[in-house]
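Chain residues, written in single-letter form:
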Amino acid sequence: MKNKLLFSIIFIIAVIGGAGMFALFSDISEKKAQERHYPLMLNKVSDLNPDIREWGKNFPTQYDDSVAMKDIFFETPFAGSVPYSKLMRWPAATVFWQGYAFAVDYNRPRLHFYSQIDQIETMRNNKEYLNAHGLPAFNGQPGFCVNCHTGHLTAIINDPSYTVLRTDPTESSKQDMPFFDIDKENGQARKEAWAKMNAIPYFDVMKMVEQKHGKDAYGGSHLGSSCADCHHPDDMSLRVTRPGFVNAMVKRGYEADLKQGIKATRAEMRNYVCMQCHVEYYPGKQATLVFPWSKWPKDEPFKIEMFDQHFDEMHDKGLFLADYKHKQTDAKMIKMQHPEAELHTTSIHARSGVTCVDCHMPYKRVGATKVTNHIVQTPFADITASCKTCHMQSEDELKERISFIQNRHAHELRKCENDLLSLIEDLKTARVELAKHSDFSGLAPDEQKKSISEALKEPLWMHRKAHIRWDFAFSENSYGFHGPQEAARIIGQCQSIAREGQLHLANTLSKYGITIALTQTATIPEPPAKIELHHGLVGTPPSDRLKKLDEDVKNLNFK
């Protein structure tokens, strides 16, 4: 009797176990079948219509992520997506950029959904506002800015119906552009379209886009980053689409590719799709987008001296003198954009093969499918997915590591700002004193200004070099985290070059029998007022939390 009972129990357990195993294997088979059918591209998409709603029919999860960025406002100590005014948080920038539009309006960027909306609405793109706020000669930005701020670039370059961009080729379209030269069938037309787009007024380009694609926030003229920017319509493989990036990479020794843009592995592409925009750039001949990478050797980490060498050579050849002249000192200034890609190459993450996508678009599970998260944002938003795949420490410890790097960067950057402001103050004083000297006092105003600038040539050049380093460290959006060692070296150079500039200034003035007291502690200007034309959170003051953090950083009150 006992044996029968035991047998029955074993039989029942076996049946339950077998049923469980059958269910498990069925579930695994179902999920494998789902994965085999992913991606399922039932809707034909094209570069001529980069509307994310159309591409999203094939990839609803990624579409939902992209659209979700519209409503995410996430504050971190130095990043996030709350678009407060950086000028109000760090008003020294209003002095450093005097004579340039950034001194009037500069806000924390929102997520990629807003990349075109923010570009349209910023006061830096408002001719009347800038004319009334210290920049009377500003005539509006060129289409050059469209390169990275619109998801419609593939359509603009490839669509023959943009006829105005395919007539009267400019000189810049005749330059060597390897990206288009490998396209034997359409290369010349695409080259002309890109070159013309760069040179004509920004709002003229966007007006064409609006006429072609409408005004709605998803697929119309305000379309920000799109699927077509980084994916090929035939098979969704990764590619780069920005000609300026491809041309710069080819000149560094990489090989252009008609489908991918640059021949590269998939891992390399997970960097390149971000590098094509998150970089330093400037308007070259006919306003054509140029990356200053001519002195950056292939497969080597970036160093700030490579920018010096490039911009010095461009200046000496008369090809690019400056982004603007400083309103107070008359120095020829270079404005750094957002050189995340350059700094990242110097990091332990880059040397370990960690890509931009690994941290800012980590994998996630959606049902049976492992997908890249297309909510592109700071790793602070999900430390587990972004960091803990490699690091075993707790989330709190990892956040503390990030905070220490960024707080130290912020502290040293504030010291750099003091030194640079001190140099600017002394250059202003020097110009006033030299204007009284007999060598300059009898000259007409324009000639006097030019002659004094020539006399101050060396300290003005040091103003330019120190500013490049401050601007690089300030405008690079990781606040040092992408490459802590190189960032610290750059800021250290900013401090030393600014102080050396003061010494050179004193030596120059001594030749004219002039002595001034060199500034040691500069006066930080008052924060600018809120620009009332902005909407919602854009351009608002930084939060009390951020103000408290800045005070703690200033006093070295951090671990």
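Residues numbered from 1 in each chain as written. Predicted model: local features only at pLDDT ≥ 70, side-chain atom pairs only at ≥ 80, totals over all residues. Heavy atoms only, no water.

A. Fine view of the overall build of the chain. Helix and strand counts for the chain stand at 25 helices and 8 strands. Here the C-alpha coordinates of the chain stretch approximately 120 × 60 × 45 Å along the principal axes. In the chain, which comprises 559 residues, the share counted as buried stands at 52%. Taking the contacts inside the chain whose residues are at least 6 apart along the sequence as the reference set, 71% of them involve residues at least 24 apart. Total accessible area on the chain stands at roughly 26,100 Å², and carbon and sulfur atoms take up 57% of it. The centroid of the 69 positive side-chain charges in the chain is displaced by 3 Å from the centroid of its 70 negative side-chain charges. (Helix = DSSP H or I, 4+ residues; strand = E, 2+ residues; numbered from the N terminus. Buried < 20%, exposed > 50% of the residue type's maximum accessible area, 1.4 Å probe, protein only. Contact = heavy atoms within 4.5 Å. Areas by Shrake-Rupley, 256 points an atom, 1.4 Å probe, with all protein chains shown as cover. Lys, Arg positive; Asp, Glu negative; His and termini not counted. Charge placed at Lys NZ, Arg CZ, Asp CG, Glu CD.)

B. Layout of a negative patch on the surface. On the surface, a cluster of negative charge is made up of Asp382, Glu395, Asp396 and Glu400. For Glu400, the position within the fold is in helix H20 (residues 395-436). (Patch = residues over 30% accessible without salt bridge, like charges linked within 9 Å, V, L, I, M, F, W, Y side chains within 5 Å. Salt bridge = Lys/Arg side-chain N within 4 Å of Asp/Glu carboxyl O.)

C. Spatial organisation of the packing of helix H15 (residues 305-316) against helix H23 (residues 457-475). Contact pair H15 / H23: the axes reach a minimum separation of 12 Å and the direction vectors enclose 135°. Our classification of the angle between H15 and H23 gives oblique. For the pair H15 and H23, the crossing hand works out as right-handed. Side by side, H15 and H23 meet where Phe307, Asp308, Phe311, Asp312 and His315 of the first sit next to Trp461, Arg464, Lys465, Ile468, Arg469 and Phe472 of the second. For the contact of H15 with H23, the residue count by class is 5 nonpolar, 1 polar and 5 charged. (Axes fitted to C-alpha atoms, helices over the stretch in contact; angles between N-to-C directions. Parallel < 35°, antiparallel > 145°, perpendicular 65-115°, else oblique. Left-handed = near helix turned anticlockwise from the far one by under 90°. Nonpolar A, V, L, I, M, F, W, Y, C, P; charged D, E, K, R; others polar.)

D. Seen up close, empty space enclosed by the protein. Under the definition given, this model contains 2 cavities of 30 Å³ or more. Computed from the structure, the largest cavity encloses a volume of approximately 70 Å³. Its residues placed into classes, the lining of the largest cavity shows 7 nonpolar, 4 polar and 2 charged. The volume enclosed by the second largest cavity comes to roughly 40 Å³. Taken together, Phe144, Cys145, Asn147, Cys148, His149, Tyr281 and Leu289 form the lining of the second largest cavity. (1 Å grid on protein atoms, 1.4 Å probe; cavity = no way out; pocket = protein on both sides within 12 Å on 5 of 7 lines; lining within 4 Å. Points joined across faces, edges and corners; volume = space filled by probe spheres on them.)

E. Looking closely at the pairing of strand S8 (residues 369-372). Sheet topology places strand S7 (residues 363-366) next to S8; 4 bridges connect them, and they run antiparallel. Across the sheet, Arg365 pairs through a bridge with Lys370, a residue of S8. Here S7 hands over to S8 after 2 residues, with Gly367 in that stretch at a positive phi of 65°. (Pairing = 2+ DSSP bridges.)

F. Examining the nonpolar core more closely. Ranked by size, the top nonpolar core spans 66 residues in total, and within it Phe245, Tyr272 and Trp293 carry the most contacts. Looking at this core, the element that brings in the most residues is helix H12 (residues 202-213), giving 5 residues. Discounting residues that sit within four places of it in the chain, Trp293 has contacts with Phe245, Ala248, Met249, Arg252, Met275, Val279, Phe307, His310 and Glu342. Judged by nonpolar contacts, the second largest core, of 48 residues, contains Leu413, Leu456, Ala522 and Leu546. (Core = buried A, V, L, I, M, F, W, Y, C linked by side-chain atoms within 4.5 Å.)

G. Layout of the packing of H20 against helix H24 (residues 484-510). Running from N to C, H20 and H24 point in directions that differ by 15°, and their axes come no closer than 9 Å. Of the possible angle classes, the one that applies to H20 and H24 is roughly parallel. Crossing of H20 against H24: the hand is left-handed. Of the residues assigned to the contact of H20 with H24, the class counts are 15 nonpolar, 6 polar and 6 charged.

H. Spotlight on the state of the cysteines. For the structure shown, the criterion picks out 2 disulfides. The connectivity of the disulfide-linked cysteines in the chain, indexed sequentially, is 1-2, 3-4. For Cys387, which is in no disulfide, the shortest distance to another cysteine sulfur is to Cys359 and amounts to 6.3 Å. For Cys387, a relative accessible area of 15% puts it in the buried group. (Disulfide = S-S within 2.5 Å.)

No statement about biological role is implied by the geometric values presented.
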